[in-house]
There are 2 protein chains.
Amino acid sequence: MDKFLDSFFSYLEDIQNLSNPSKEKLSNLCSRVRLNKNERLQEIGRTCKTIYFVEEGAARIFYYKDGIEITEYFAFEKDLIIRAESLFYNQPSKKGITCMEDTNFIAIPSQPLFELFNQHHDLERLFRKLIQNAYVETVRRIEMIQFHTAEERYLSLLQNNPQVIQKVPLKFIASYLGITQVSLSRIRSTLA
Amino acid sequence: MDKFLDSFFSYLEDIQNLSNPSKEKLSNLCSRVRLNKNERLQEIGRTCKTIYFVEEGAARIFYYKDGIEITEYFAFEKDLIIRAESLFYNQPSKKGITCMEDTNFIAIPSQPLFELFNQHHDLERLFRKLIQNAYVETVRRIEMIQFHTAEERYLSLLQNNPQVIQKVPLKFIASYLGITQVSLSRIRSTLA
DNA sequence: ACTTTCTTTTTACAAATGTTAAATAATTAA
DNA sequence: TTAATTATTTAACATTTGTAAAAAGAAAGT
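Residues numbered from 1 in each chain as written. Chains lettered and ligands numbered in written order. Predicted model: local features only at pLDDT ≥ 70, side-chain atom pairs only at ≥ 80, totals over all residues. Heavy atoms only, no water.

A.B. asks: Honestly, the interface of chain B and chain A in this entry has me stumped. Any pointers?
C.D. replies: Quite often, the size of an interface is put as the accessible area lost when its parts meet. Contact residues are listed per partner, giving 42 residues for chain B and 44 residues for chain A. Summing the contributions of chain B and of chain A, the shared interface buries around 4100 Å²; its carbon and sulfur component is 59%. Of all residues in chain B, Tyr 135, Gln 146 and Phe 147 of chain B bury the most surface against chain A, accounting for 18% of the area lost on that side. At the surface where chain B touches chain A, the tally comes to ten salt bridges. (Contact = heavy atoms within 4.5 Å. Buried area = accessible area lost by both parts, 1.4 Å probe. Salt bridge = Lys/Arg side-chain N within 4 Å of Asp/Glu carboxyl O.)

A.B. asks: What is the right way to read the packing of helix H2 (residues 20-29) of chain B against helix H4 (residues 110-119) of chain B from this model?
C.D. replies: To describe two helices that pack against each other, one gives the angle between their axes and the distance between the axes. All names here are of chain B. Interhelical geometry of H2 versus H4 gives an angle of 170° and a closest axis separation of 10 Å. Classified by the interaxial angle, the pair formed by H2 and H4 is roughly antiparallel. Here Lys 25, Leu 26 and Leu 29 of H2 come into contact with H4, specifically with Pro 112, Leu 113 and Leu 116. When grouped by side-chain class, the residues that make up the contact of H2 with H4 number five nonpolar, no polar and one charged. (Axes fitted to C-alpha atoms, helices over the stretch in contact; angles between N-to-C directions. Helix = DSSP H or I, 4+ residues; strand = E, 2+ residues; numbered from the N terminus. Parallel < 35°, antiparallel > 145°, perpendicular 65-115°, else oblique. Nonpolar A, V, L, I, M, F, W, Y, C, P; charged D, E, K, R; others polar.)

A.B. asks: I'm lost on the protein's contact with DNA strand D in this one. Help?
C.D. replies: Close contacts around DNA strand D come from 17 residues, with Leu 170, Lys 171 and Ser 185 of chain A together with Ala 150 and Arg 186 of chain B the closest. Restricting attention to atoms of DNA strand D within 4 Å of the protein, one finds that 64% of them are sugar or phosphate atoms. Here a phosphate oxygen of DNA strand D and a side-chain polar atom of Arg 188 of chain A are 3.4 Å apart. Considering every element that reaches the surface near DNA strand D, the biggest residue donor is helix H9 (residues 181-191) of chain A, with six residues. (Near = heavy atom within 4 Å. Polar contact = N/O pair within 3.5 Å; in protein donor to acceptor, adjacent residues only side chain to side chain.)

A.B. asks: Please explain helix H6 (residues 150-160) of chain A as it appears in this structure.
C.D. replies: Residues and elements named next belong to chain A. Where H6 is concerned, the buried positions are Ala 150, Arg 153, Tyr 154, Ser 156 and Leu 157. Buried residues of H6 fall within an arc of 165° about the axis and therefore sit on the same side. Elements that come into contact with the buried residues of H6 comprise helix H5 (121-146), helix H7 (162-167), helix H8 (170-177) and H9. (Buried < 20%, exposed > 50% of the residue type's maximum accessible area, 1.4 Å probe, protein only. Arc of directions from axis to C-beta.)

A.B. asks: Honestly, the protein's contact with DNA strand C in this entry has me stumped. Any pointers?
C.D. replies: Lining the immediate surroundings of DNA strand C are 18 residues, of which Ala 150 and Arg 186 of chain A together with Leu 170, Lys 171 and Ser 185 of chain B lie closest. Of all DNA strand C atoms lying within 4 Å of any protein atom, the proportion belonging to sugar or phosphate reaches 66%. In this structure, a phosphate oxygen belonging to DNA strand C sits 3.1 Å away from a side-chain N or O atom of Thr 180 of chain A. Lys 171 of chain B is positioned such that a nitrogen or oxygen atom in its side chain is 2.7 Å from a phosphate oxygen of DNA strand C. At the level of secondary structure, the elements contributing two or more residues to the surface near DNA strand C comprise H9 of chain A together with helix H8 (170-176) and helix H9 (181-191) of chain B. Sort the elements by how many residues they give to the surface near DNA strand C and H9 of chain B lands first, with six residues. Residue composition of the surface near DNA strand C, grouped by class: six nonpolar, seven polar and five charged.

A.B. asks: Got a minute to help me understand the packing of H5 of chain A against helix H5 (residues 121-146) of chain B in this structure?
C.D. replies: Direction vectors running N to C along H5 of chain A and H5 of chain B enclose 25°, while the axes themselves pass 9 Å from each other. The pairing of H5 of chain A with H5 of chain B is recorded here as roughly parallel in orientation. Where H5 of chain A crosses over H5 of chain B, the two elements pack in a sense that is left-handed. Across the contact of H5 of chain A with H5 of chain B, the residue classes break down as 14 nonpolar, eight polar and eight charged. (Left-handed = near helix turned anticlockwise from the far one by under 90°.)

A.B. asks: Is there a simple way to explain the domain arrangement of chain A in this structure?
C.D. replies: Residues and elements named next belong to chain A. The domain architecture assigned to chain A consists of domain 1 (3-147) and domain 2 (148-192). When each unit is reduced to the centre of its C-alpha atoms, the spacing between domain 1 and domain 2 is 25 Å. Each partner contributes to the interface: domain 1 provides 17 residues, whereas domain 2 provides 15 residues. In total, about 1300 Å² of surface goes out of reach between domain 1 and domain 2, with carbon and sulfur atoms giving 64% of it. Counting the surface domain 1 buries against domain 2, the share from its top three residues, Phe 74, Phe 76 and Met 144, is 45%. Applying the counting rule to domain 1 against domain 2 returns one salt bridge. Residue Lys 167 pairs with Glu 101 through a salt bridge whose shortest N-O separation is 3.9 Å. Inspection of the region where domain 1 meets domain 2 yields four residue pairs in polar contact (both at pLDDT 80 or more). (Domains from an automatic or database assignment.)

This is the structure in structure tokens:
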């Protein structure tokens with residue numbers, strides 16, 4: 001197995017133990033993608049056929065609503081980054097993926113991965129757990145947005161994800177929280 | 001296999017084909033719970049150890065924020081209803097499940113189910129797909145709430161889930177959309 | 001049918017957030 | 001370093017949504 005994937009695999013094995021053959025097969029599917037800040041990993045309109053993890057750096061998923069760019073998701077080191085609705089239903093995605101800084105991704109093509117599941121039960125289990133975790137995180141996010149004021153959402157992000165506030169331009173954070181830049185700026189000034 | 005589960009199993013098999021032994025084992029885990037309108041399937045504070053499907057009727061997941069009841073999720077016929085953060089992380093849930101009308105649930109205890117996964121790969125695959133679908137639905141919901149006005153959210157629900165508007169009291173719909181009853185009422189009056 | 005309870009709408013007002021535009025501040029490139 | 005670009009804050013005002021209370025309407029129980 002390639003040396004360069006060691007740390008990635010030890011992260012995966014914390015979630016689900018893998019047999020040696022499974023690791024071997026999976027690592028054969030992994031490749032690395034290196035992009036510079038502001039480069040796009042996936043364009044809007046393409047169907048998502050690859051599962052990515054951020055190895056190092058920071059990326060985000062975005063889309064446009066009425067011509068305004070909205071950030072849907074942030075991904076940092078170790079984070080899974082997929083456009084689920086496109087990957088699972090094989091539809092062109094309305095969303096794109098772009099880098100907020102120079103970023104290394106680990107890329108796994110979904111079709112061959114799904115085929116591995118037939119022979120390697122442990123890989124499917126790993127993947128199930130990854131999706132489970134993503135699901136729980138998304139439910140939490142609904143809770144956070146559903147009935148909280150702009151200020152509460154900002155404070156909650158500050159508390160639960162301080163790295164976002166440090167690393168990410170405020171304009172991206174604002175739309176992630178579902179508020180305008182101006183509103184976010186106002187909130188920050190009353191807190192300071 | 002029990003006759004009474006026929007329609008439920010044909011629904012499951014549309015998602016993932018199951019071997020006969022798998023069906024047999026799974027059906028042995030299934031039981032039925034019948035509740036009347038307004039009865040609680042799960043109380044707030046209990047750890048979720050059961051996976052439910054609505055066989056017939058209508059239920060919802062709710063929680064309290066500052067003493068106000070908020071509806072997080074609606075479930076109708078065939079819908080999976082779980083409190084994911086509790087089920088997957090084994091923590092007491094801040095949420096409860098209650099019936100909006102007389103409802104039959106199919107109940108599957110999670111621990112025995114997860115153990116079946118070791119011998120029955122197809123059951124784990126079925127479950128993975130169910131979670132995948134729930135995940136996509138939740139991502140869509142974030143999109144719907146994140147940057148849409150109260151009116152847009154209501155119209156979107158009207159279009160994508162007309163049965164909700166017909167079956168569910170408006171007070172529950174309001175908090176589901178992240179707005180107040182008064183606001184929802186106002187919106188409806190301007191549309192009419 | 002009548003009463004009680006629960007749900008929905010309406011009103012009036014307050015607070016929060018959006019919009020537009022301009023002013024600062026910070027970053028990047030020449 | 002300066003100029004150009006990009007990001008953030010501030011201001012003024014418009015709009016949306018929330019709050020509290022009352023009124024109207026619908027459903028349930030006797």
